Amino acid sequence: MAVTAVIAAAGSGERLGAGGPKAFVPLAGRPMIEWSIDAFRACASVASIVVAAPPGQLDELAGHPDLSVVAGGATRARSVANALAAVGTELVAIHDAARPLLTPELVEALVATLEAAPEAAGVIAATPITDTVKQAAHQSSPSGGSIDAQDVQNEPQVVERTLDRASLWAAQTPQVFRAAALRDALAGSEIGAATDEAMPVEAVGGTVLLHAAGPENLKVTTPLDLRVAEMLLAERSRR
Ligand code: C5P
């Protein structure tokens, strides 16, 4: 089955603090997004690549005539929905430009797993959680309002409970879906809040499989992540 790769690349990169969109931040000598583009280009199953880019940055990819570039939206989910409109294949592989250590082997393994599981709507890369995970109690901020990200960083939080680590996985991308199933799921849910595409598919009762991917398929969020990714890519090119 042919696959279209969709790369979500329209984020602002605020937490990275690089002064521009994260997908275009230099990483091991090239814009971060190019590592993911190359990995998809090397996949026999991938027929086309669609990138959701920041509206002001569409020209950045003009040097890649094999890509379809669409304007991203205000949220990641909206950016993916915009790109999905340009997908004509039976399968779609959604990927974050923020995961530059993607390998063609991971993409092909996900596609093969979905092809072998007719009951499944999608297969996602994920890694078993190794930390012990605490759920914080809901509480109001010292200023009286509801708690926000700044409060979480600045104020000690109260532990509500400990989750059972044995059944917890951290979801990554790529996430490969039957395009029709993903479209149906998005049509039946509020686009905007989902932080991955498996969420809407799960919400409408679709079966989503977990495929164990290594922790090296990391997401670049902070300057520390950027340093680690740079080191791993340099190591890879020496092999
Ligand atoms: O912000 P976060 O790191 O979770 O973003 C994950 C991915 O989603 C990134 O590759 C980012 O470029 C993309 N994104 C997007 N459109 C947005 C926000 C994020 O394509 N509005």
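All of these numbers come straight from a predicted model, not from anything done at the bench.

Draft legend 1. Spatial organisation of the pairing of strand 10 (residues 169-178). Most of strand 10 is tucked away: 7 of the 10 residues are buried. Examined bridge by bridge, strand 6 (residues 91-96) and strand 10 share 4 bridges and lie antiparallel to one another. By the bridge assignment for strand 10, Leu91 is matched with Arg178. Pairing between strand 7 (residues 122-128) and strand 10: 6 bridges, direction antiparallel. When the sheet's bridge partners are listed, Ala126 is paired in strand 10 with Ala171.

Draft legend 2. How the structure looks around the packing of aromatic side chains. All chains considered together, the criterion is met by 0 aromatic pairs. It is Arg30 that lies over the ring of Trp35; its NZ or CZ is 4.9 Å from the centre.

Draft legend 3. Fine view of the site of the ligand. Inspection of the region around the ligand gives 15 residues, with Ala8, Ala10, Gly11, Lys22 and Ser79 positioned closest. For the ligand, a nitrogen atom lies 3.3 Å from a polar atom in the backbone of Thr75. A distance of 3.3 Å separates an oxygen atom of the ligand from a polar atom in the backbone of Ala98. Relative to its free-state accessible area of 460 Å², the ligand is covered by the protein chains to the extent of 85%. Here the ligand is seated within the largest pocket. A breakdown of the residues in the shell around the ligand according to their chemical character gives 6 nonpolar, 4 polar and 5 charged.

Draft legend 4. Inspection of empty space enclosed by the protein at higher detail. This structure, assessed with the given rule, holds 1 cavity of 30 Å³ or more. By volume, the largest cavity is sized at about 30 Å³. Lining the largest cavity are Ala77, Val80, Leu186, Ala194, Asp196, Glu197 and Pro200.

Draft legend 5. Quick peek at the nonpolar core. Core analysis: the largest hydrophobic core is formed by 32 residues, its most contacted members being Ile7, Ile33, Phe40, Val46, Ile49, Val51 and Leu61. Breaking this core down by element, the ones donating at least two residues are strand 1 (3-8), helix 1 (32-41), strand 4 (46-53), strand 6, helix 3 (104-115) and strand 7. A total of 5 residues in this core trace back to one element, the largest contributor, which is helix 3. Beyond its immediate chain neighbours, meaning those up to four positions away, Ile7 contacts Ile33, Ser36, Ile37, Phe40, Ile49, Val50, Val51, Ala52, His95, Asp96 and Ala97. Counting residues in each nonpolar core, the second largest holds 20 residues, with Val70, Val92, Ile94 and Ile124 among its members.

Draft legend 6. Quick peek at the sheet that holds strand 6. Across the sheet, 7 strands lie side by side as 5-4-1-6-10-7-11; this open sheet has mixed pairing. Of all strands in the sheet, those bounded by a partner on one side alone are strand 5 (67-71) and strand 11 (208-212). The average angle at which neighbouring strand axes cross in this sheet is 25°, direction not considered. As defined by bridge partners, strand 1 adjoins strand 6 across 6 bridges and the pair is classed as parallel.

Draft legend 7. Examining the pattern of salt bridges more closely. Going through the model one piece at a time under the given rule, you end up with 6 salt bridges. Linking Asp38 and Arg30 is a salt bridge whose minimum nitrogen-to-oxygen distance equals 3.0 Å. Of the residues examined, Asp38 reaches a relative accessible area of 32% and is grouped as partly exposed. Between Arg41 and Asp38 there is a salt bridge, and its shortest N-O distance comes to 3.3 Å. Highlighted residues: Arg41 and Asp38, both in helix 1, separated by 3 residues, approximately one helical turn. On the basis of relative accessibility, which here comes to 38%, the residue Arg41 falls in the partly exposed class. What you see here is one network of salt bridges that share partners, running through Arg30, Glu34, Asp38, Arg41 and Asp66.

Draft legend 8. Expanded view of unusual backbone geometry. That bond from Thr173 to Pro174 is cis: its omega, 10°, falls within 30 degrees of zero. Unlike most non-glycine residues, Ala28 shows phi in positive territory, near 50°. Mapped onto the elements of the fold, Ala28 is located in the loop between strand 2 (26-27) and strand 3 (30-31).

Draft legend 9. Examining the layout of surface pockets more closely. Volume-wise, the largest pocket comes out at about 680 Å³. Lining the largest pocket are 28 residues; nearest its centre among them are Gly11, Arg15, Lys22, Arg76 and Lys219. Mapped by element, the contributors of at least two residues to the lining of the largest pocket are helix 2 (76-84) and strand 10. Taken together, the residues of the lining of the largest pocket sort by class into 9 nonpolar, 11 polar and 8 charged. Taken together, 14 residues make up the lining of the second largest pocket; nearest its centre are Thr127, Ile129, Ala170, Gln172 and Pro215. Of all the secondary structure elements, the ones that give two or more residues to the lining of the second largest pocket are strand 7 and strand 10. Counting residues per element, the lining of the second largest pocket draws most heavily on strand 10, at 3 residues. Tallied by class, residues from the lining of the second largest pocket come to 7 nonpolar, 4 polar and 3 charged.

How each quantity is defined
- Residues numbered from 1 in each chain as written.
- Predicted model: local features only at pLDDT ≥ 70, side-chain atom pairs only at ≥ 80, totals over all residues.
- Heavy atoms only, no water.
- Buried < 20%, exposed > 50% of the residue type's maximum accessible area, 1.4 Å probe, protein only.
- Helix = DSSP H or I, 4+ residues; strand = E, 2+ residues; numbered from the N terminus.
- Pairing = 2+ DSSP bridges.
- Phe/Tyr/Trp six-rings, centres within 6.5 Å; stacked < 30°, edge-to-face > 60°.
- Lys NZ or Arg CZ within 6 Å of the ring centre and 35° of its normal.
- Near = heavy atom within 4 Å.
- Polar contact = N/O pair within 3.5 Å; in protein donor to acceptor, adjacent residues only side chain to side chain.
- Areas by Shrake-Rupley, 256 points an atom, 1.4 Å probe, with all protein chains shown as cover.
- 1 Å grid on protein atoms, 1.4 Å probe; cavity = no way out; pocket = protein on both sides within 12 Å on 5 of 7 lines; lining within 4 Å.
- Sits in = over half its atoms within 2 Å of the grid points.
- Nonpolar A, V, L, I, M, F, W, Y, C, P; charged D, E, K, R; others polar.
- Points joined across faces, edges and corners; volume = space filled by probe spheres on them.
- Core = buried A, V, L, I, M, F, W, Y, C linked by side-chain atoms within 4.5 Å.
- Contact = heavy atoms within 4.5 Å.
- Axes fitted to C-alpha atoms, helices over the stretch in contact; angles between N-to-C directions.
- Salt bridge = Lys/Arg side-chain N within 4 Å of Asp/Glu carboxyl O.

Read these as spatial facts, not as claims about activity.
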